[in-house]
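Read off the chains here:
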Amino acid sequence: QVQLVESGGGLVQAGGSLRLSCAASGRTFSSYAMGWFRQAPGKEREFVAAIAWSGGSTYYKDSVKGRFTISRDNAKNTVYLQMNSLKPEDTAVYYCAADSRILGIWVSYNNADYWGQGTQVTVSS
């Protein structure tokens, strides 16, 4: 089992920044690819960003490329999502996820082995 706890969400004006953190406990954190999904009201869940267990490979949804950066610190069992130049359309509940598949396979799916409880991000115009 892997337990994931997100933090860092909140309300920010358009153009602002937030950094989400996800602290993991349980089984070996460094064995898992880590990612962030989001779900806005009335919309399907989206795979936003992911990072391989080594940190050597990353994936980003097209609409966040150049604005969001995913990183991980395996010594601290934590993954981060730095979000800059936020837009109102980024408003959603953001979920941290962990998965045992290699990154290139995982990003083709909209699911994960383990999930956090979610943190709300609201971007006002």
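Residues numbered from 1 in each chain as written. Predicted model: local features only at pLDDT ≥ 70, side-chain atom pairs only at ≥ 80, totals over all residues. Heavy atoms only, no water.

**Student:** Mind laying out the side chain of Thr119, listing which residues take part and the relevant values?
**Tutor:** Along the chain, the position of Thr119 falls in strand 11 (residues 119-124). For Thr119, a relative accessible area of 12% corresponds to the buried category. Reaching out from Thr119, the side chain makes a polar contact with the backbone nitrogen of Gly9 at a distance of 3.3 Å. Setting aside residues up to four positions removed in sequence, Thr119 forms contacts with Glu6, Gly9, Leu20, Ala92, Val93 and Tyr94. (Helix = DSSP H or I, 4+ residues; strand = E, 2+ residues; numbered from the N terminus. Buried < 20%, exposed > 50% of the residue type's maximum accessible area, 1.4 Å probe, protein only. Polar contact = N/O pair within 3.5 Å; in protein donor to acceptor, adjacent residues only side chain to side chain. Contact = heavy atoms within 4.5 Å.)

**Student:** If you had to explain the sheet that holds strand 1 (residues 2-7) to someone new, which residues and values would you point to?
**Tutor:** The 4 strands are arranged 1-3-8-7 in an open sheet whose pairing can be described as antiparallel. Edge positions in the sheet fall to strand 1 and strand 7 (68-73), since each of these pairs with one other strand and no more. For this sheet, the mean angle separating the axes of adjacent strands, direction not counted, is 15°. One ladder, built from 6 bridges, connects strand 1 with strand 3 (residues 18-26); its direction is antiparallel. Each residue of the ladder has a partner; that of Ser7, found in strand 3, is Ser21. (Pairing = 2+ DSSP bridges. Axes fitted to C-alpha atoms, helices over the stretch in contact; angles between N-to-C directions.)

**Student:** I'd like a rundown of the packing of aromatic side chains, residues and numbers included.
**Tutor:** All told, the structure shown has 7 aromatic pairs when counted by the stated rule. For the pair Tyr32 and Tyr114, a centre-to-centre distance of 5.8 Å together with 80° between the ring planes defines the contact as edge-to-face. Here Tyr32, found in the loop between strand 3 and strand 4 (33-39), pairs with Tyr114, found in strand 10 (residues 114-115); they are 82 residues apart in sequence, far enough to count as distant. On the accessibility criterion, Tyr32 (8% relative accessible area) is buried. An aromatic cluster is built from Phe37, Phe47, Tyr59, Tyr95, Trp106 and Trp115, whose rings are joined through pairwise contacts. Here the basic side chain of Arg72 rests over the ring of Phe29, its NZ or CZ set 4.5 Å away from the ring centre. Positioned over the ring face of Tyr109 is Arg101, at 4.9 Å from the centre of the ring. (Phe/Tyr/Trp six-rings, centres within 6.5 Å; stacked < 30°, edge-to-face > 60°. Lys NZ or Arg CZ within 6 Å of the ring centre and 35° of its normal.)

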